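Analysis of the macromolecular model
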Amino acid sequence: NENYKKFLNKSKTERKAAGQIIKAAEAQGFVDIDTLVTKKLKNVKKIYKIFQGRCLALAVLGEKNLVSGANIIASHIDSPRLDLKQNTVYEDLSIGLMKTHYYGGIRKYHWLAVPLALHGIIIKSNNEKINITIGEDPDDPVFTVTDLLPHLAGKIQGNKKISDVFEGEKLNLVAGSIPLGSDEEKDRFKLGVLNLLYEKYGFTEEDFISAEIEAVPAEKARDVGFDRSMTGSYGQDDRVCAYTALEAILNTQPPDRTAIALFFDKEEIGSDGNSGAKSNFLEDFMSDLLFISGQKTDNRSLRKAMINSSCLSADVNAAMDPDYKEVHEAMNAAKLGFGLCMTKFTGVGGKSGSSDASAEFVGKIRQIFNKNKIVWQTGELGKIDQGGGGTVAKFLAKSGMNVLDCGPAILSMHSPFEVSSKADVYMTYLGYKAFYSDND
């Protein structure tokens, strides 16, 4: 878990997470699949592919023909956050501010009055790429969204629903308060912010149009509890599964069945886009694996490779909270510290939006875990009609492969400080490793 905390601290965005995954993979001998093809390298068993800088796959080639299927673990490396808008810098009441648009399912009040860091890339008008990270170093400034003091909140907030009290358009970052120019200068507090950015990074206001800048909690991962049995951090949904899947495949020897670790983007906003699970990234990667293995790459071979594969959709479940037990059905709720959680179905209401794993596949995974002495539990995402949710399972299942949601349960999911059990994290790693080693 010490290495896990380091991974969290260095992977606060999907691009940063992808970079950490590639660095770890290359250190263990994984080769970029494009390099493999270009240089015509032979007998390479460990391969990776990155797409759009934030979606990637790792594979350890097995002895069996890929058409017979692979063992796949699919996680996602994006997390809820605040994104800067393209027209972002403005001023009001002599304060320089930056407008944001929230990404994914957040409780908006969680993001008020907390220190935030900025991570991202900017493509300048000359196509130069600038990487920025502000707020992570102890000497860096941080940013924040202000909150209304309780002394004045009674009438304006007191009788409203939470969904009405906290407005998305008011999640604006405080960015500066020193003006540039004389009193007659228009927007001089905005100019003060823009001038600092130009002096430090050399980009202009227009360059925000072609930028991806994310505001994320500036705090580091910390031990939680007197006994240090838990980890508290931003982004554990779903980087806890990404990290454990990464460690599992890095420590997998060439198996009979090819082992694949997928790390998707865009899960928190429905898996759309060319780097999400709805894209053809997996099909493209499987086609490449067929090609470099000297196997047929026709449509039928690809379809058979997909449909014969087995997949764990590696995502977290909601641990039952002692203060909010009423939203769970106790007999079927996951608990913190009770091991890796198998979630047969997700969805909303009557399982809507879920792939609902078959009894046969759940039985197979249960046998693998029992055989390898993995501590596991089952869970569903809250009471029927209480709410619900889903992940990438249904998008992978459309190819015909067997898919089961499987990951640790965490507290305070989608907050800036999620809590996991260190024992569950370790058991997740062992469970994923056991799955990769299964040859049936």
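Structure: above.
Let me begin by describing the structure that accompanies this report. The structure presented is a predicted model; accordingly, all values stated were derived computationally and were not measured.

This next bit is on the pairing of strand S14 (residues 258-264). Across the seven residues that make up S14, a large majority, seven, are buried. Burial of the side chains of S14 extends over both faces: Thr258, Ile260, Leu262 and Phe264 are buried on one face and Ala259, Ala261 and Phe263 on the other. One ladder, built from five bridges, connects strand S3 (residues 55-60) with S14; its direction is antiparallel. Within S14, the position partnered with Val60 by the bridge is Ala259.

Attention now goes to a positive patch on the surface. Taken together, the side chains of Lys296, Arg300, Arg303 and Lys304 define a basic patch exposed on the protein surface. Tracing the backbone shows Lys296 in the loop between helix H8 (281-292) and helix H9 (299-307).

As a further point, take the packing of aromatic side chains. Considering all chains together, one arrives at ten aromatic pairs under this definition. With a centroid separation of 5.3 Å and an interplanar angle of 90 degrees, the aromatic rings of Phe203 and Phe208 are classed as edge-to-face. Phe208 sits in the buried class, given a relative accessible area of 2%. Note on Phe281 and Phe285: the rings are 6.5 Å apart at their centroids and 10 degrees apart in plane angle, and the pair reads as stacked. With Phe281 and Phe285 both in helix H8, this residue pair falls four residues apart, about one helical turn. Across the pair, Phe285 and Phe281 agree in class, each one buried.

What follows deals with the side chain of Asp78. Here Asp78 lies in the loop between strand S4 (70-76) and strand S5 (81-92). There is a polar contact of 3.0 Å between the side chain of Asp78 and the side chain of His76. Residues in contact with Asp78, not counting those within four places in the same chain, are Glu14, Tyr103, Asp237, Asp238, Arg239, Phe264, Asp265, Lys266, Glu267 and Glu268.

Now for the pairing of strand S7 (residues 116-123). With seven of its eight residues buried, S7 lies for the most part within the structure. Bridge count for S7 against strand S11 (residues 211-217) is seven bridges, and the pairing is antiparallel. Following the sheet pairing, Leu116 is matched in S11 by Pro217. In terms of strand pairing, S7 meets strand S8 (residues 129-134) through six bridges, oriented antiparallel. Across the sheet, the residue bridging to Leu118 is Ile134, located in S8. Between S7 and S8, which pair antiparallel in sequence order, lie five residues; one of them, Asn127, sits at a positive phi of approximately 75 degrees.

With that settled, the discussion passes to H9. For H9, the complete set of buried residues consists of Ser301, Leu302, Ala305 and Met306. For H9, the angular spread of the buried residues around the axis is 135 degrees, confining them to a single face. Exposed residues on H9 whose side chains face more than 90 degrees from its buried face are Asn299 and Arg300. In this structure Asp298 caps H9, since a side-chain oxygen of it lies 3.2 Å from the backbone nitrogen of Arg300.

Right, let's get into the layout of surface pockets. For the largest pocket, the calculated volume is near 1,100 Å³. Taken together, 37 residues form the lining of the largest pocket, with Ala318, Leu381, Ser412, Met413 and His414 sitting closest to its centre. Counting residues per element, the ones that place at least two in the lining of the largest pocket are strand S16 (317-318), strand S17 (340-343), strand S20 (388-389) and strand S21 (402-407). With three residues, S21 is the largest single contributor of residues to the lining of the largest pocket. Put simply, the second largest pocket is a space of about 560 Å³. Lining of the second largest pocket is provided by 21 residues; of these, Thr146, Asp147, Leu148, Lys170 and Asn172 occupy positions nearest its centre. Secondary structure elements with two or more residues in the lining of the second largest pocket: S5, strand S6 (95-103), helix H4 (154-157) and helix H5 (162-165). Taken together, the residues of the lining of the second largest pocket break down into twelve nonpolar, three polar and six charged.

Tallied over the entire structure, the rule returns three cavities of 30 Å³ or more. Considered as a void within the structure, the largest cavity measures approximately 70 Å³ in volume. Along its surface, the largest cavity is lined by Phe264, Ala277, Ser279, Leu282, Glu283, Met306, Phe395, Leu396, Lys398 and Ser399. Counting residues per element, the ones that place at least two in the lining of the largest cavity are H8 and helix H11 (393-397).

Definitions and limits used
- Residues numbered from 1 in each chain as written.
- Predicted model: local features only at pLDDT ≥ 70, side-chain atom pairs only at ≥ 80, totals over all residues.
- Heavy atoms only, no water.
- Buried < 20%, exposed > 50% of the residue type's maximum accessible area, 1.4 Å probe, protein only.
- Helix = DSSP H or I, 4+ residues; strand = E, 2+ residues; numbered from the N terminus.
- Pairing = 2+ DSSP bridges.
- Patch = residues over 30% accessible without salt bridge, like charges linked within 9 Å, V, L, I, M, F, W, Y side chains within 5 Å.
- Areas by Shrake-Rupley, 256 points an atom, 1.4 Å probe, with all protein chains shown as cover.
- Salt bridge = Lys/Arg side-chain N within 4 Å of Asp/Glu carboxyl O.
- Lys, Arg positive; Asp, Glu negative; His and termini not counted.
- Charge placed at Lys NZ, Arg CZ, Asp CG, Glu CD.
- Phe/Tyr/Trp six-rings, centres within 6.5 Å; stacked < 30°, edge-to-face > 60°.
- Polar contact = N/O pair within 3.5 Å; in protein donor to acceptor, adjacent residues only side chain to side chain.
- Contact = heavy atoms within 4.5 Å.
- Arc of directions from axis to C-beta.
- 1 Å grid on protein atoms, 1.4 Å probe; cavity = no way out; pocket = protein on both sides within 12 Å on 5 of 7 lines; lining within 4 Å.
- Points joined across faces, edges and corners; volume = space filled by probe spheres on them.
- Nonpolar A, V, L, I, M, F, W, Y, C, P; charged D, E, K, R; others polar.

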